[in-house]
Amino acid sequence: MGALSEEIRERIRAEFPKYPNKRAVTLNALHIVQDAQRQVSIEAMREIAELLELHPAEVHDTMSFYGFFRDEKAPLGKKRVWVCRSISCMLRGGEELLADVCHDLGVKPGETTADGEVTLEFAECLGVCEGAPCVLVNDECYPNMTAESTRELIKKP
Amino acid sequence: MAEFEPVLMARIGKPDATSLASYQADGGYDGLKKALSMAPAEVTDIVKASGLRGRGGAGFPCGLKWTFLPKDHPGPIYLCVNADESEPGTFNNRVIMEGDPHQIIEGIAIACRAIKAQTAYIYLRYEFGKSYRVLQNAIDECYAANLLGKNILGTDFCLDVYLHRGAGAYICGEETGLIESLEGKRAWPRIKPPFPAIEGLFRKPTIVNNIETLACVTHIVRRGVDWFRSMGVPPDPNNPRDPGSFGPKLYCISGHVNKPGCYELPLGVTARQLIEEQGGGVWKGRKVKAVVPGGISMGFLSADELDTPLDFSGPGKAGCLGLGTAAVVVIDDHTSMVDVLFNCCRFMAHESCGQCTPCREGTDWMRKILERIRSGFGKSKDLDLLMEVAGSMGIIPGTTICGLSDGAAWPVKNAIKKFRGEFEEYIAKGMKSELPVLVDAH
């Protein structure tokens with residue numbers, strides 16, 4: 001025991017009244033844990049399962065479906081940067097932008113920089129197609145990006 | 001067209017447009033007050049009479065959907081609001097959530113009044129962080145003003161609205177995939193029947209409606225059925241099953257145009273009008289090669305088909321799957337259709353949930369064949385092979401549970417039918433794509 005702090009547990013429990021059963025809190029719990037710890041470790045999964053009165057395999061089953069969540073084998077950096085590569089962005093240079101950002105950071109999509117600062121991801125349609133190509137940092141989207149403006153954005157504290 | 005007055009986007013960009021005070025100053029929540037003075041069935045009748053069809057992609061008549069709920073059910077009944085907007089090219093829901101959230105919450109409250117639901121969940125894709133914060137703030141304002149919560153505005157109507165964030169999966173936009181995901185499971189669509197109206201969220205009767213649909217409900221109740229039916233395209237007299245395409249629609253236009261954006265117009269505007277009048281024409285003085293009429297799942301219009309009206313039946317007549325989300329993506333004549341189609345196939349291979357074999361395997365094999373073609377190693381039989389794979393996956397051939405697969409097959413079918421010469425030349429000459437591609441699927 002001990003992967004989840006009491007504060008995290010309390011935030012997960014605070015989600016219970018919204019739903020008629022605890023299983024529905026699975027995604028919320030995974031988000032809460034990943035936001036704080038940059039991963040959902042096997043132990044954290046077990047503790048989430050205990051809180052939600054589920055079998056750990058049920059939590060793992062859900063978690064593994066959504067490519068969004070990372071376990072301890074590939075924890076996230078402090079910042080998660082997504083470069084959109086779907087059609088509207090591709091038509092306006094999204095693929096080239098992704099290649100440039102990979103080059104700048106020295107990582108491939110899915111990887112984290114050696115200093116643990118930035119995880120780079122490719123995204124499938126971020127829904128900001130009027131501002132193609134766009135980049136998402138954590139959950140904030142930035143339209144009309146270039147390699148230069150993305151570099152600046154990543155550097156910003 | 002001249003007298004058309006936008007309503008869904010009318011307040012967007014005004015100072016303080018997202019606040020409750022400013023919304024109420026513009027007549028906000030008058031529609032809810034009106035709905036609370038009526039019996040639930042009367043509200044449903046109004047929406048039914050308006051001819052409102054779902055804006056999420058399928059175009060199913062909204063009022064009719066509501067009547068599928070069992071009569072006199074003791075409850076609970078749920079409303080799920082589909083804000084998982086993920087179809088490539090689509091961003092209209094995001095624009096109204098961020099710009100005028102209260103018209104959506106009012107629509108949710110009116111809908112819940114009509115269907116007798118006391119709990120609504122807004123399933124919001126995770127990437128829309130700004131929408132999340134704007135909507136949460138609007139919901140908090142409503143609780144403080146007794147527009148949500150117990151005994152709303154002194155009536156016996158009670159309603160809780162919760163925001164539920166997704167985790168980056170396109171399939172959650174499919175209504176039963178959404179329900180499974182909300183329940184905390186992998187988002188595998190359910191076999192239907194039973195439809196959600198009979199057995200949906202937490203095994204209870206459930207209605208799933210799109211954000212824009214619910215925003216329309218607000219304005220229909222406030223302005224009336226005649227107002228809504230004064231716009232759009234009436235039913236085709238030669239097709240007794242056509243309910244027509246009434247009301248305003250949020251059209252998204254992106255890709256190779258000068259002014260990409262979201263524009264509100266009456267249903268039935270043509271692709272050409274949208275590109276030239278709203279989109280400011282094709283960028284760099286180029287010409288159109290192809291147009292996606294409503295998200296990539298709907299396929300492509302060729303340059304000869306730009307006068308197709310973008311109502312619920314227009315794109316179908318040009319061989320597309322339908323109107324979809326009315327997300328128009330313009331592709332110029334300097335772009336290779338091989339690159340475009342590869343992009344579509346890669347998306348679908350990445351987003352297939354893997355539950356049905358024809359979709360899981362079909363989407364990935366189509367991607368692999370396109371990968372081979374774009375690398376310069378295409379074979380002349382590849383085009384027929386692609387058509388064979390595309391023809392055997394989906395609800396239409398009857399091999400999958402949900403429509404993702406039909407949407408994966410359609411761009412392939414349309415592209416090869418309408419642009420076959422370009423593909424044949426590409427393969428014959430062993431041409432190669434100039435685009436960098438770092439990872440294929442996942």
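From a predicted model like this one, the values you see are computed outputs, not experimental measurements.

### So, the overall build of chain B
Inference 1: Helix and strand counts for chain B come out as 17 helices and 11 strands.
Inference 2: For chain B, the spread of C-alpha atoms along the principal axes amounts to about 75 × 45 × 45 Å.
Inference 3: The 442 residues of chain B split such that 63% are buried.
Inference 4: The long-range fraction of contacts in chain B, counting pairs at least 24 apart against all pairs at least 6 apart in sequence, stands at 70%.
Inference 5: Working note: accessible area of chain B is about 16000 Å², and carbon and sulfur atoms make up 53% of it.

### Looking at the sheet that holds strand 3 (residues 135-137) of chain A
Residue and element names in this part refer to chain A.
Inference 1: The 4 strands are arranged 2-1-3-4 in an open sheet whose pairing can be described as mixed. A single partner strand is all that each edge strand has here, and the edge strands are strand 2 (118-123) and strand 4 (140-142). Across this sheet, the average inter-strand angle for adjacent strands is 25 degrees, counted without regard to direction.
Inference 2: Pairing of strand 3 with strand 4, which is carried by 3 bridges, proceeds in the antiparallel orientation. Paired with Val137 across the strands is Glu140, a residue of strand 4.

### Thoughts on the nonpolar core
Inference 1: Counting 164 residues, the largest nonpolar core has Ile12 and Tyr66 of chain A together with Leu79, Ile108 and Phe300 of chain B as the members making the most contacts within it.
Inference 2: Setting aside residues up to four positions removed in sequence, Leu79 of chain B forms contacts with Ile108, Ala111, Cys112, Ile115, Ala117, Thr119, Ala120, Tyr121, Ile207, Asn209 and Leu214 of chain B.
Inference 3: Ranked by size, the runner-up nonpolar core spans 23 residues in total, among them Ile253, Leu306, Ala318 and Cys320 of chain B.

### What to know about the interface of chain B and chain A
A common way to report how large an interface is uses the accessible area buried once the components associate.
Inference 1: The interface of chain B with chain A comprises 64 residues on the first partner and 43 residues on the second.
Inference 2: Roughly 4400 Å² is buried in total at the junction of chain B and chain A, and carbon and sulfur atoms are behind 59% of that figure.
Inference 3: It is Tyr126, Ala167 and Arg186 of chain B that lose the most area in chain B upon contact with chain A, and together they represent 14% of the buried surface on that side.
Inference 4: Arg346 of chain B is paired through a salt bridge with Glu95 of chain A; the nearest N and O atoms lie 2.8 Å apart.
Inference 5: If you look at where chain B meets chain A, you find 22 residue pairs in polar contact (both at pLDDT 80 or more).
Inference 6: Take the side of chain B that touches chain A: its biggest share by element is 8 residues, from helix 13 (residues 337-351) of chain B.
Inference 7: A class-by-class count of the residues in the side of chain B that touches chain A yields 34 nonpolar, 16 polar and 14 charged.

### A few points about the environment of Ile373 of chain B
Residues and elements named next belong to chain B.
Inference 1: Inspection of the secondary structure assignment puts Ile373 in helix 14 (residues 357-374).
Inference 2: Separated by 10 residues in the primary sequence, Ile373 and Leu383 place their C-alpha atoms 9.7 Å from one another.
Inference 3: Here Ile373 is in contact with Val338, Gly378, Asp382, Leu386, Tyr426, Ile427 and Met431, once residues within four sequence places are set aside.

### Some details on the pattern of salt bridges
Residue and element names in this part refer to chain A.
Inference 1: For the structure on display, the rule yields 51 salt bridges over all chains.
Inference 2: For Glu121, the salt bridge is made with Arg70, and the minimal N-O distance between the two is 2.8 Å. With a gap of 51 residues between them, Glu121 in strand 2 and Arg70 in the loop between helix 4 (56-65) and strand 1 (79-84) connect regions that are remote in the sequence. Comparing Glu121 with Arg70, the two get one shared label, buried.
Inference 3: Between Arg151 and Asp104 there is a salt bridge, with its nearest N and O atoms 2.6 Å apart. Of the two residues, Arg151 is situated in helix 7 (residues 147-155) and Asp104 in helix 6 (residues 94-105); the sequence distance between them amounts to 47 residues.
Inference 4: Judged by its relative accessible area of 34%, Arg151 falls in the partly exposed class.
Inference 5: With relative accessibility at 37%, the residue Asp104 sits in the partly exposed group.

### Observations concerning the domain arrangement of chain B
Residue and element names in this part refer to chain B.
Inference 1: On domain assignment, one finds that chain B holds domain 1 (20-230), domain 2 (245-332) and domain 3 (337-428).
Inference 2: Listed as interface residues are 15 residues of domain 2 and, on the opposing side, 16 residues of domain 3.
Inference 3: Regarding the contact of domain 2 and domain 3, the summed buried area is about 1200 Å², with carbon and sulfur atoms giving 72% of it.
Inference 4: Our enumeration of links across domain 2 and domain 3 arrives at 2 salt bridges.
Inference 5: For the side of domain 2 that touches domain 3, the secondary structure elements donating two or more residues are strand 9 (288-292) and strand 10 (301-302).
Inference 6: Looking at the side of domain 2 that touches domain 3 residue by residue, the class counts come to 9 nonpolar, 4 polar and 2 charged.

Rules used in this analysis
What you see as residue numbers is a count from 1 along each chain, following the sequence as written. A letter from A marks each chain and a number from 1 marks each ligand, given out in the order of writing. It should be noted that, the model being predicted, local features are given only for residues of pLDDT at least 70 and side-chain atom pairs only at 80 or more, the latter also being counted only at that level, while totals for whole chains, interfaces and linings use all residues. To obtain the side-chain values, all non-hydrogen atoms of the structure were used and water was disregarded. The way it works is that DSSP assigns letters per residue, a run of H or I at least four long becomes a helix, a run of E at least two long becomes a strand, and they are numbered from the N terminus. A 1.4 Å probe rolled over the protein chains alone gives each residue an accessible area, and that area as a share of the maximum for its type sets the label: buried under 20%, exposed over 50%, partly exposed in between. By the convention used here, residues are in contact when the closest approach between their heavy atoms is within 4.5 Å. Only the protein chains shown count as cover for residues, and the accessible areas themselves come from Shrake-Rupley with a 1.4 Å probe. A pair of strands is treated as paired once DSSP finds two or more bridges between them. A fitted line through C-alpha atoms serves as each axis, taken over the contacting stretch for helices, and the angle formed by two N-to-C directions is quoted from 0 to 180°. Here, nonpolar core refers to any group of buried Ala, Val, Leu, Ile, Met, Phe, Trp, Tyr and Cys residues whose side-chain atoms link them within 4.5 Å. What gets called buried area is simply the loss in accessible area from a 1.4 Å probe that two parts show on being joined, summed for both. We count a salt bridge whenever a side-chain nitrogen from Lys or Arg sits within 4 Å of a carboxyl oxygen from Asp or Glu. Any pair of N or O atoms that falls within 3.5 Å is considered a polar contact. Within protein, one atom must be able to donate a hydrogen and the other to accept it, and sequence-neighbouring residues count only if both atoms are side-chain atoms. Under the scheme applied here, ten amino acids are nonpolar (Ala, Val, Leu, Ile, Met, Phe, Trp, Tyr, Cys and Pro), four are charged (Asp, Glu, Lys and Arg), and all others, including Gly, are polar. Residue ranges assigned to the domains are those given by an automatic or database domain assignment.

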